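Residues per chain, in single letters:
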Amino acid sequence: VDTTAFWYRAQNGIYNIEFFDPEQNTLDKISIMYLDDIFQAKKAIYAKTGSWNGETWDLYNGVERLFLADGGQTATTFKQQSLSLHASPEDFYISRKEGDELSFTELWRLLKQLRTSGYPSTSYAVDLQAKVSYSFINIIMAILGIPFALTIGRSGNMALGVAVSTCLGLTY
């Protein structure tokens, strides 16, 4: 499951965004297709990156294609272009899945894909490690409880053993 790439529709445009970084409010590999009333392509914008400036999105290193009525098209490159996507970073954050919403294998694949692509992956790596460590809680608690169980058998002070084991469990 690729949770980084997503499609977004607003007003007369369809947006495809390869990656959204909610910490930096940046977009990578943006494709926008504008359609007319009969769903024919009017304009397409492709940009390598984009960033939120507080009111609009600034797109960088891209191409704008205009589709003409006679079937031709024109293409114009740009270094920077401000564009209202009719969406703020909060709108894109809603469509991004969190690590705890993914299974172990989905999270593993996503983390591998992010690392291969060079995107930030720290939060997903932490979520994956949390999933792995959470499965060992029972084993760790049993290992911690064994010495207290043996101590109780010799001294007979069962309440102390239960209290210490409970405190250790809550601390972990």
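Starting afresh in each chain, residues are numbered from 1 along the sequence in its written order. Since the coordinates come from a predicted model, pLDDT governs what is reported: local features require at least 70, and pairs of side-chain atoms require 80 or more to be given and counted, while whole-chain, interface and lining totals use all residues. Derived side-chain values reflect all non-hydrogen atoms in the structure, with water molecules and hydrogen atoms excluded from consideration.

Brief notes about the packing of aromatic side chains
What counts, and what does not: Planes of paired rings set the category: under 30 degrees apart is stacked, over 60 is edge-to-face and the rest tilted, where pairs are Phe, Tyr or Trp rings (Trp by its six-membered ring) whose centres lie within 6.5 Å. Runs of H or I in DSSP of at least four residues are treated as helices and runs of E of at least two as strands, each being numbered from the N terminus. Categorising residues by exposure relies on relative accessible area from a 1.4 Å probe, with only protein chains included: less than 20% of the type maximum marks a residue as buried, more than 50% marks it as exposed, and the intermediate range marks it as partly exposed. Two thresholds decide whether a charge sits over a ring: the Lys NZ or Arg CZ must be within 6 Å of the ring centre and within 35 degrees of the ring normal.
Here the structure, examined in full by the defined rule, presents 2 aromatic pairs. Residues F104 and W108 carry aromatic rings whose centres are separated by 6.4 Å and whose planes lie at 20° to one another, so their mutual orientation is stacked. Residue F104 and its partner W108 are both found in helix α2 (residues 104-117); the two are separated by 4 residues, about one turn of the helix. Among the residues examined, F104 registers a relative accessible area of 41% and is labelled partly exposed. Between K43 and the ring centre of Y34, over which it is positioned, the NZ or CZ distance is 5.1 Å.

Things to note about helix α3 (residues 122-134)
One turn of the α-helix equals 3.6 residues, which is why residues spaced by three or four share an orientation. Our working rule: Here the expected length of a helix is defined as 1.5 Å per residue gap, with one fewer gap than residues. This arc is taken over the directions from the axis of the helix to the C-beta atoms.
With 13 residues, α3 should reach 18 Å at 1.5 Å per residue; the first-to-last C-alpha distance of 18 Å fits that figure. Turning to α3, its buried residues number three or more, namely Y124, A125 and L128. One face of α3 carries all of its buried residues, which in axial projection span an arc of 105°. In this structure, α3 carries T122, Q129 and Y134 as exposed residues pointing more than 90 degrees from its buried face.

Here we look at the side chain of E64
What counts here: Here a polar contact means two N or O atoms within 3.5 Å. Within protein one must be a hydrogen donor candidate and the other an acceptor candidate, and residues neighboring in sequence count only if both atoms are side-chain atoms. Contacts: residue pairs with any heavy atoms within 4.5 Å of one another.
Looking at the element boundaries, E64 is found in strand β5 (residues 57-67). Note on E64: relative accessible area 19%, which makes it buried. At a separation of 3.3 Å, a polar atom in the side chain of E64 contacts the side chain of Q81. Leaving out residues up to four positions away in the same chain, E64 has contacts with K43, A44, I45, T74, A75, T76, F78 and Q81.

Things to note about the nonpolar core
In plain terms, the rule: To form a nonpolar core, buried Ala, Val, Leu, Ile, Met, Phe, Trp, Tyr and Cys residues must be joined to one another through side-chain atoms within 4.5 Å.
L27, I32, L59, L85 and F92 are the most contacted members of the largest nonpolar core, which has 19 residues in total. Of all elements in the fold, only β1 (6-10), β2 (13-21), β3 (26-35), β4 (41-52), β5 and β6 (73-83) reach the threshold of two or more residues within this core. The element contributing the most residues to this core is β3, with 4 residues. Among residues more than four places away in sequence, those in contact with L59 are I30, I32, I45, A47, T49, G50, F78, K79, Q80, Q81 and L83. Judged by nonpolar contacts, the second largest core, of 9 residues, contains F19, L107, L114 and L128.

Notes on the environment of I45
Of note, I45 is situated in strand β4. Residue class for I45 comes out buried when judged on its relative accessible area of 0%. Distance from I45 to L66, taken between C-alpha atoms, is 8.8 Å for residues 21 residues apart in sequence. Setting aside residues up to four positions removed in sequence, I45 forms contacts with I30, S31, I32, Y34, L59, V63, E64, F78, Q81 and L83.

Things to note about the sheet that holds β6
This is how it is decided: One requirement defines pairing of two strands: DSSP has to find at least two bridges between them. Comment: axis = line fitted to C-alpha atoms, over the contacting stretch for helices; angle = value between 0 and 180 degrees taken between N-to-C directions.
Taken together, the 6 strands give an open sheet; going across it, the order is β1-β2-β3-β4-β5-β6, and neighbouring strands pair in antiparallel fashion. Each of the sheet's edge strands pairs with one partner strand only, and the pair in question is β1 and β6. With direction set aside, neighbouring strand axes in the sheet form an average angle of 20°. In terms of strand pairing, β5 meets β6 through 10 bridges, oriented antiparallel. Within β6, the position partnered with F67 by the bridge is Q73.

Some details on the pairing of β2
Burial analysis of β2 places 7 of its 9 residues in the buried class, which makes it a mostly covered element. The pairing of β1 with β2 spans 5 bridges and is classified as antiparallel. Across the sheet, the residue bridging to F6 is I17, located in β2. Where β1 folds back onto β2 in an antiparallel hairpin, the turn is made up of 2 residues, including Q11, whose phi is positive at roughly 45°. Two elements, β2 and β3, share 8 bridges in a ladder whose sense is antiparallel. Pairing of Y15 across the sheet is with I32, part of β3. Hairpin connection between β2 and β3: a loop of 4 residues separates the two successive antiparallel strands, and N25 in this loop has a positive phi of roughly 55°.

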